[in-house]
Structures are given as C-alpha cells and as structure tokens.
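Structure at a glance
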Number of protein chains: 2
Amino acid sequence: MGNSRKAVMGRPRGFDIDQALERAMRVFWARGYEGASLAELTGAMGITKTSMYAAFGNKEQLFRKALQRYGAGPAAYATCALEEPTARAVALAFLRGAVRTTTPPEGPSGCLTVQGALAAGDESQAVHDLLVDWRNDAGVRLEERFRRAVDEGDLPRDADPRRLARFVMTMGFGIAVQAANGLGPAELDEIVDTAMLGWPA
Amino acid sequence: MGNSRKAVMGRPRGFDIDQALERAMRVFWARGYEGASLAELTGAMGITKTSMYAAFGNKEQLFRKALQRYGAGPAAYATCALEEPTARAVALAFLRGAVRTTTPPEGPSGCLTVQGALAAGDESQAVHDLLVDWRNDAGVRLEERFRRAVDEGDLPRDADPRRLARFVMTMGFGIAVQAANGLGPAELDEIVDTAMLGWPA
DNA sequence: TCACTTAGGTACCGAACGGTGCAGAACGCT
DNA sequence: AGCGTTCTGCACCGTTCGGTACCTAAGTGA
C-alpha cells in the first residue's frame, strides 16, 4: 500500500468515455429515463452492456452522469443567466436560453430534466426525486438572484422574488413542453416576449 | 339478423366498468402511460387482466378511454373556460382550472396529458402522438376563442390571438410541471396572478 | 333441462427488461 | 516471458412486460 502510482494499468479503454456519455445523454433526453433501454443506450454509445457497466456502474448512475453533463452543457444557460446585470435581463436570458436549448437544430426537442421522469414507475422513484430536486434548485438560485435585485434597487421594493422566480421557472417548464410539442424557436421567442410584458418596471 | 333485442345475454359483468376506468385513469395520471404496468392498473381496477382485455381491448385502448374520461372530467375546465365573457376571464378561468386540476386534495398531482408520455420508447409512439394532438387541440380552441374576442373588440385590434393562446397554454403546461414538483394551489395561483399582469388591456 | 352467450380465473406465452459470470484480449511492470 | 490488472464480447441470469388459450361460472331464451 501507499503506492500512489497513477499509471494506467491493464487493457486501455477502447472507446471515448466522454463521447459515449454525450450520446447516452441524448438518448435519455429523447426517451426519458425509463423509455431509454440499455439496448438503445449502448447501441448509441457504440459499446456493449458490459463496457457500460464497467465504466458507469449501472443505468441509474449513467443517468446521473448524463444529467451532470446536461447541466454543464445544454443547460448551462440557467446558471449563466444569473450573471446578467438586471433582474429583467436575467429572466430574459433564462427564457431565451430555455428556448434555444429545447429546440436544437439537431437532436431531441424539449428538456432532459422535464421529460426525464415526470411520471414513472416505482423503480425509478430515485431518478424522479433527483429531477424534482434539480428543477427546484434552479428555481431557488433564480429566487436568490431576484432577492439580490430587490436589495440593489433593481427591482421595486414590493416585488416578490420567490414569486417572480417561480413564474420564470413555470414559463421555462412550459416552453419545454411546447418544444416537445413541436413549436420552433421563433414561436417560442414570441411567447417569451408575451410573458415579459408583465415584468415589474 | 334484424333482431335489435338489447337484452343482456350471458354472464353479467362482475364489476363497475365506469369505476374501473376511473381508477385506471388515476394510475395513468400518476405513472404515465409506460410507467403504469398492467399489474398495477388491474390491481387498482380490482379486476384481472383477462377482464380488462375483454372490457377495453388492450392497454393502449384503455389509455385512450381514460384520456377521454380525463377530458370530460378533471380537464373539463379547458372547455368550460371558453364560455367566459371576456378573453381575460377565459385565460384566468383556464389557468385557475389548471391549478385546481393539477393539485387535487387527493389523487395524483400534475396533468395526465403532460406526464402521460412526454418522452417515451418506440412502442408508445402512438400514445405520445395522441397526447401531442390533444395538447395542440386545446391551444387551437383557445386561439379561436381569442380571435373571436378580437372581432368583438374585447381584445385590442393589434392583439395576436395565436400568440396569446400559446402563452396561456405554456403557462398551463408549466403549472402542470410545477404541480408535479410539489407546489400547492396557493403558490400556483400566485404564479397565475403574475402571469396575468401583462395581459392586454 | 339444455343450448347459447358472455365474464372471470389460472396458467401460460414469447419478448424485452436490467444486470452478470466468465473466458480471453490488451496493456504496464518486472 | 510471465504476471497482475483492466477492458471486452458472448452467453446467460431471473424478472417483468403486454397479451392470450382454455376452462369454468353465471346469466338468458326456448
């Protein structure tokens, strides 16, 4: 023991683990957690089930990794938007980002965190709960940003940060469903404009 | 032939078909189409698989009947709202109805038509498409109602009925997701109030 | 009573599900 | 070369999936 050698031992992995995860993410995105079978996942990843289990553990952990990648990639807009200078700009950037991500020129429509496991059987309860937390966290971060905006005088003093955050999140979820329904980015951007009409001065 | 006798022949059905359908609807509502297994469905319906197949055909047709019942029952608000006198009242009634239906005091949270099959495997493509049509139809009916409102001078002449209808539908979908996320009717009603702030005079 | 019709229960079907055991293949190290 | 280690491919595990064959139960009509 005590040997901290990091040299790679044994047979090297025969596939690009990052690319495989990216492809798995897209399958989960399109099919949801339960709708994505191991056969389809590994087929898209270009590896066998054995390799997948060796590299990721099991289906649920593969999903968790894919969700992590989704948050850092396609859904990064949710975090980036928080850096906008005003609350209005934050909300607008958040919703425009949601539109862009849910209607990619190629790839699945909608939002992984919404269609992943809105409703599911017993066995995927853990994944369902994970996604509930994920969505709620996004709302909390938005709420904190709006609270700061009130403190900074950027939002009127009587504005309710939690309420505004929930409103924006609701629009975001609705956009995800509309995107899955077939609406394109232009139509969704119009909806965003309509939603912003009532934004506090 | 020609015998139009309606007398019931053979062994009478041993269960209330209406009640069984109601219970199946609730299981689909909570679990989604794929997440609801025949075992859970028939268990909740209080009948065996054989009886279910004899009475409803198969799982997909059971879902179609359940969806029909959902539209006539819990989701009747979507049609009733159209009868309100003004466009604003229609939108408000629609969204309040969505809040009430997606947060029942007992029974599953969320909306059957949203969590039914947002994302799914190949085999339930037909159900997925059915729900896409269902949701789009609701939007079209709302759009027609708002178009009438413009004609009647109830909405400003430069208002875009389609855009408004899509906005309201988006809010409705978002509310369904928020309800599934655990938000209660009071919080959702606040969100509705916020959404209505930008409604055209 | 007896044929006819329909519903219910059991036991089963083939397929697909997520997940593994195992033998060999491919590497670094000595 | 030989060893330890890790990855891969095949075959297979038990379970659950939606769906059905078949026999019996329970009614009507004659």
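Residues numbered from 1 in each chain as written. Chains lettered and ligands numbered in written order. Predicted model: local features only at pLDDT ≥ 70, side-chain atom pairs only at ≥ 80, totals over all residues. Heavy atoms only, no water.

Per an unreviewed UniProt entry, chain A goes by the name TetR/AcrR family transcriptional regulator and belongs to Streptomyces tauricus.

1. A closer look at helix α6 (residues 87-102) of chain A
All names here are of chain A. In a regular helix each residue adds 1.5 Å, so 16 residues correspond to 22 Å; α6 covers 22 Å between its end C-alpha atoms and thus fits that length. When we look at burial in α6, the residues that qualify are A87, V90, A91, F94, L95, G97, A98, V99, T101 and T102. In this structure, the buried residues of α6 make contact with α1 (17-31), α4 (59-72), α5 (77-80), α8 (125-151), α9 (161-181) and α10 (185-196). (Helix = DSSP H or I, 4+ residues; strand = E, 2+ residues; numbered from the N terminus. Expected span 1.5 Å × (residues − 1). Buried < 20%, exposed > 50% of the residue type's maximum accessible area, 1.4 Å probe, protein only. Contact = heavy atoms within 4.5 Å.)

2. Section: the packing of helix α3 (residues 49-56) of chain A against α4 of chain A
All names here are of chain A. For the pair α3 and α4, interaxial distance at closest approach is 9 Å and the crossing angle is 65°. Note on packing geometry: the crossing formed by α3 with α4 is left-handed. Where α3 approaches α4, its residues M52, Y53 and F56 are matched on the opposing element by K59, Q61, L62 and K65. Its residues placed into classes, the contact of α3 with α4 shows four nonpolar, one polar and two charged. (Axes fitted to C-alpha atoms, helices over the stretch in contact; angles between N-to-C directions. Left-handed = near helix turned anticlockwise from the far one by under 90°. Nonpolar A, V, L, I, M, F, W, Y, C, P; charged D, E, K, R; others polar.)

3. What about a negative patch on the surface?
The grouping of E34 and E123 of chain A together with E34 and E123 of chain B at the surface amounts to a negative patch. Positionally, E34 of chain A belongs in the loop between α1 and α2 (38-45). Looking at E34 of chain A, the relative accessible area reads 33%, which means it is partly exposed. (Patch = residues over 30% accessible without salt bridge, like charges linked within 9 Å, V, L, I, M, F, W, Y side chains within 5 Å. Areas by Shrake-Rupley, 256 points an atom, 1.4 Å probe, with all protein chains shown as cover. Salt bridge = Lys/Arg side-chain N within 4 Å of Asp/Glu carboxyl O. Lys, Arg positive; Asp, Glu negative; His and termini not counted. Charge placed at Lys NZ, Arg CZ, Asp CG, Glu CD.)

4. Observations regarding the relation of the copies chain A and chain B
Take chain A, turn it by 180°, move it 0.0 Å along the axis, and it overlays chain B with an RMSD of 0.1 Å. With respect to symmetry, the two chain copies, as superposed, fit the operation of a two-fold axis. A symmetric contact is evident, with 100% of the interface residues of chain A recurring at the interface of chain B. (Least-squares fit on C-alpha atoms with pLDDT ≥ 70 in both.)

5. Comments concerning the interface of chain A and chain B
In this assembly, 39 residues from chain A lie in contact with 39 residues from chain B. Buried surface at the junction of chain A and chain B, summed over both partners, amounts to about 3,500 Å²; 57% is from carbon and sulfur atoms. At the boundary of chain A and chain B, one finds four salt bridges. The partner of E187 of chain B in a salt bridge is R166 of chain A, with the nearest N and O atoms 3.5 Å apart. (Buried area = accessible area lost by both parts, 1.4 Å probe.)

6. Let's talk about the protein's contact with DNA strand C
Taken together, 24 residues lie around DNA strand C, and L38, K49 and Y53 of chain A together with G10 and T50 of chain B are the ones closest in. For DNA strand C, the backbone portion of the atoms within 4 Å of the protein, that is sugar and phosphate, comes to 63%. In the model, a phosphate oxygen of DNA strand C is placed 3.3 Å from a nitrogen or oxygen of the S37 of chain A side chain. Between G14 of chain B and DNA strand C, the recorded distance is 2.9 Å, taken from a backbone N or O atom to a phosphate oxygen. Listing elements by their share of the surface near DNA strand C, those giving two or more residues are α3 of chain A together with α3 (49-56) of chain B. By residue number, the principal contributor to the surface near DNA strand C is α3 of chain A, which donates three residues. Its residues assigned to classes, the surface near DNA strand C shows nine nonpolar, nine polar and six charged. (Near = heavy atom within 4 Å. Polar contact = N/O pair within 3.5 Å; in protein donor to acceptor, adjacent residues only side chain to side chain.)

7. Considerations on the pattern of salt bridges
Residue and element names in this part refer to chain A. Following the criterion strictly, the structure yields 24 salt bridges over all chains and no others. Between D193 and R96 there is a salt bridge, with the nearest N and O atoms lying 2.6 Å from each other. Separated by 97 residues along the polypeptide, D193 in helix α10 and R96 in helix α6 bring together distant segments of the chain. For D193, a relative accessible area of 32% puts it in the partly exposed group. The class for R96 is partly exposed, based on a relative accessible area of 23%. Among the charged side chains, a network of salt bridges with common partners joins D18, E22, R26 and R69.

8. Notes on the domain arrangement of chain A
All names here are of chain A. The domains assigned to chain A are domain 1 (17-70) and domain 2 (76-196). Using only C-alpha atoms to locate each centre, domain 1 and domain 2 end up separated by 25 Å. Between domain 1 and domain 2, the contact holds 14 residues from the first and 20 residues from the second. Of all residues in domain 1, the largest losses of buried area upon contact with domain 2 belong to W29, L67 and Y70, amounting jointly to 46% of the total for that side. The tally of links from domain 1 across to domain 2 stands at zero salt bridges. Counting residues per element, the ones that place at least two in the side of domain 1 that touches domain 2 are α1 and α4. Per element, the largest residue contribution to the side of domain 1 that touches domain 2 is six residues, and it comes from α4. (Domains from an automatic or database assignment.)

9. Quick look at the protein's contact with DNA strand D
The immediate surroundings of DNA strand D are formed by 24 residues, with G10, G14 and T50 of chain A together with K49 and Y53 of chain B found nearest. The sugar-phosphate share of atoms of DNA strand D within 4 Å of the protein amounts to 65%. A distance of 3.1 Å separates a base oxygen of DNA strand D from a polar atom in the backbone of R11 of chain A. With respect to DNA strand D, the backbone of G14 of chain A contributes an N or O atom lying 2.6 Å from a phosphate oxygen.

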